Amino acid sequence: MTDHLTPDTSTDGATSAAGGLLEQAVRSGSLAIALVDAQGTIVDATPAFIDLLPPEAVEAGGALRLDALFSPDDHRLAAGLASDGAGVLRIEHSGGPLALSLGSLQPVGRLVTLMPFLESPCIDKAVSDPLTGLGNRNALKQILAQWQAEADPEAERVVLMIDLDRFKQVNDTLGHPIGDDLLVHVAGRLERTLDGDGAVLRLGGDEMIVVYRDDDYPRQTERMAQAIVSRLARTFLIGGHQIDISASVGIACFDPEEGDTSRLLMHADLALYAAKTGGRNQYCFFEPHLESAAQARRDMEVRLRRALALEEFQLVYQPQISLSDGSISGFEALIRWVSEDHGVVLPAQFIGLAEEIGEIHAIGEWAIRTACREAAGWDAPYSVAVNVSPLQFEGGRLVTAVASALEESGLDPGRLELEITEEALIDKTREILEQLWTLREMGVCIAMDDFGTGYSSLGYLRNFPFSRLKIDQSFVGGAPDERSRTLVSAILVLANELDMTTIAGGVETEQQHQILTQSGCVRAQGHFFAPPMPPGAIAAYCAGVAKTVGAG
Ligand code: C2E
Ligand code: MG
């Protein structure tokens, strides 16, 4: 049994959980649910539950006890109550056998549900989730069936699907018991947010759902969604850990005409996806265009999965110029997908999808292999920079992929540079740092890309000696303005002090070029010098630059 009873240290205390727990059960209609204290006394119960108690237990007055449902020599209930865990017991009843589901013990007691006994009952057939005491998928089915049966012209019935951003990271870094505790705390906060209006259910993992009746749609729902997002963004203190997560919420309305509950959940799921891709920590209502967007995304996913086999990827190379003399010092490899249906697709349109569907490993390895092979064929030993997705560090395959690309191509490791973003270092830092050190020991250069845009934690710079800092083009684009100039200068000083060389991206004008040169930036790239070019154009470009530099 997980020890998940750590009190919620958030400002919204745990004391109102009793009302919340029971309310959600009551709201779920004709369910037979009771809240029972640790000794087996029924603290509160739905009418359906009371109806199932033997008449003599009810008529006797005084405290109602759960053991009224058991024969006096049946000790299973006592054993169940002695544990704080959940379980299901088959009991005989005048109306036919019943499955009695004991929810896990919470500070306020535990939920007990009664339902007709089904063959081979197991915990997932009960309506309550053993970890959080919330209703589970079965409870949701019952609620939706009830919505289906009852017309309610006065209100919209709404489903809010909630996904915890970064929950996996909590599990991975702090362990599953803390992850379980977090879910219990989240459940508590959700129930307090609802304050008796509607029900919170847990469908599995960190997937929770709020079902809700809004008679002032969409205003109430918006308020509710906003309250959920802001409550879950507050810090949790669990087992001595300060945990900051956030939540994304997808909202869909029940349509009695549709009569298809899986569609309702699909709509909520699509809205949730939109909330997540829109930046997380927000809510989104379902809109019909999300369905066609999802279809287009699925089509693209199929084509992307085939693209490697069809040899639809290409690398283009953008020159990196040494600002001291205008000579070429290297090239950045940038991937392009030349799709039969879509033409040239830029990485911003498919790298995210490739990351989501796991294709990023194969695509990223292809990029490293191809860049090494092509660079090995260049006339001069220019460096070649390859962008690496943070996900490529997962599973430890990156080091092997780089080693075999270097070996296959014969490229001097010192000519290969991997560009990683700060995002790669946010989690699992130790695991990633080990890989970065191995790559460095192999002689490969590591550059921090887009510096200044993400978290810009100087801790990352302390933890790993990057060879190069790449100043993001957003600073360079703003270089004429005083503040951006100051920031660029500060980054250059910092890099210099830490023994890293610098490169500025996105240089588009002579003025930016001048400013960067005067500030002491070492390299630059951008359309001012040259746009990314296909491999076949490199030799002619290099010859042209050599002439100019030679002439200058
Ligand atoms: P990045 O690493 O910051 O690459 C620079 C981006 O700026 C490139 O866009 C480049 O074409 C563009 N750029 C270059 N000069 C200028 C300029 O003067 N002005 C402006 N406005 N833009 C300029 P691109 O090729 O669309 O790549 C976008 C991003 O996609 C890259 O950003 C990189 O993060 C990612 N990417 C590209 N190739 C790969 C790859 O092989 N693997 C992975 N994982 N990511 C890649
Ligand atoms: Mg880059």
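About the thresholds
Chains are numbered independently. Their residues run from 1 in the order of the written sequence. Each chain takes a letter, starting from A, and each ligand takes a number, starting from 1, following the order in which they are written. With the structure being a predicted model, the display of local features is reserved for residues of pLDDT at least 70 and the display and counting of side-chain atom pairs for 80 or more, all residues being used for whole-chain, interface and lining totals. The side-chain figures draw on all heavy atoms in the structure; neither hydrogens nor water molecules are used. Remark: exposure states derive from per-residue accessible area (1.4 Å probe, protein chains only) relative to the maximum for the residue type, with buried under 20%, exposed over 50%, and partly exposed in between. Runs of E in the DSSP output that reach at least two residues are strands. Runs of H or I that reach at least four are helices, and both are numbered from the N terminus. We treat two strands as partners when DSSP finds at least two bridges between them. The definition of a polar contact used here is a pair of N or O atoms within 3.5 Å, where within protein one atom must be able to donate a hydrogen and the other to accept one, and adjacent residues in sequence count solely through side-chain atom pairs. Water is not among the atoms examined, so metal sites may look incomplete; donors are the N, O and S atoms within 2.8 Å of the metal, or within 3.2 Å for Na, K and Ca. In this analysis an axis means a line fitted to C-alpha atoms, helices contributing only their contacting stretch, and an angle means the value between N-to-C directions, from 0 to 180 degrees. Put simply, angles under 35 degrees are roughly parallel, angles over 145 are roughly antiparallel, angles from 65 to 115 are roughly perpendicular, and the rest are oblique. Crossing handedness follows the turn of the near helix against the far one: under a right angle anticlockwise gives a left-handed crossing, and clockwise gives a right-handed one. It only takes one pair of heavy atoms within 4.5 Å for two residues to be counted as in contact. Polar here means any residue outside two lists: the nonpolar Ala, Val, Leu, Ile, Met, Phe, Trp, Tyr, Cys and Pro, and the charged Asp, Glu, Lys and Arg; Gly therefore counts as polar. Between rings of Phe, Tyr and Trp, where Trp is taken as its six-membered ring, a pair exists when centres lie within 6.5 Å; planes separated by under 30 degrees are stacked, by over 60 edge-to-face, and by other angles tilted. Sitting over a ring, as applied to charges here, requires NZ of Lys or CZ of Arg to be within 6 Å of the ring centre and within 35 degrees of the ring normal.

Trainee: Would you explain the pairing of strand E19 (residues 468–471) in this entry?
Mentor: Working note: regular strand, side chains alternate between the two faces of the sheet. Alternating positions in E19 separate into two faces, Arg468 and Lys470 on one and Leu469 and Ile471 on the other, with burial throughout. In the sheet, strand E18 (residues 445–451) pairs with E19 via three bridges, with the strands oriented parallel. Counterpart to Ala447 in the pairing with E19 is Arg468. In this sheet, strand E20 (residues 501–504) lies alongside E19 in parallel orientation, the contact comprising four bridges. By the bridge assignment for E20, Lys470 is matched with Ile503.

Trainee: Which parts of the structure should I look at to understand the side chain of Thr502?
Mentor: Tracing the backbone through its elements, the reader meets Thr502 in strand E20. At 3.1 Å, the side chain of Thr502 forms a polar contact with the backbone nitrogen of Val522.

Trainee: Can you walk me through the coordination of the magnesium ion (ligand 2) in this structure?
Mentor: By definition of the ideal shapes, a tetrahedral metal site with four donors has angles of 109.5 degrees and an octahedral site with six donors has angles of 90 or 180 degrees. Around the magnesium ion (ligand 2), the protein contributes the donor atoms Glu332 (OE), Asn387 (OD1), Glu419 (OE) and Asp449 (OD), which lie 2.0 to 2.2 Å from the metal centre. In the primary sequence, the donor residues of the magnesium ion (ligand 2) line up as E-x54-N-x31-E-x29-D. Taken as a pair, Glu419 in strand E17 (residues 416–420) and Asp449 in strand E18 lie far apart in primary sequence, 30 residues in all.

Trainee: Explain the packing of helix H12 (residues 360–376) against helix H13 (residues 397–409) here, please?
Mentor: Relative placement of two packed helices is described by the angle separating their axes and the distance separating the axes. One way to put it is that H12 packs onto H13 with a least axis distance of 9 Å and a crossing angle of 25°. Compared by their axis directions, H12 and H13 come out roughly parallel. In terms of crossing hand, the pair formed by H12 and H13 is right-handed. Along the contact surface, H12 presents His361, Ala362, Glu365, Ile368, Arg369, Cys372, Arg373 and Ala376, while H13 presents Arg397, Leu398, Ala401, Val402, Ala405, Leu406, Glu408 and Ser409. Here the residues of the contact of H12 with H13 sort into nine nonpolar, two polar and five charged.

Trainee: Please clarify how the packing of aromatic side chains should be interpreted in this entry.
Mentor: Each aromatic ring pair is characterised by the separation of its centres together with the angle its planes make. Counting across every chain of the model gives 13 aromatic pairs. Judged by centre distance (6.1 Å) and plane angle (80°), the ring pair of Tyr283 and Phe285 falls under edge-to-face. A relative accessible area of 23% places Tyr283 in the partly exposed class. Aromatic side chains Phe313 and Trp337 sit 6.2 Å apart centroid to centroid with 40° between the ring planes, which places their arrangement in the tilted category. Of this pair, Phe313 sits in strand E13 (residues 313–322) while Trp337 sits in strand E14 (residues 328–339); the two residues are 24 residues apart in sequence, bridging distant segments of the chain. Put simply, the rings of Phe313, Trp337, Phe350 and Trp366 touch in pairs and so form one group of aromatic residues. The ring of Phe236 carries the charged tip of Arg189 above its face, separated from the ring centre by 3.6 Å.

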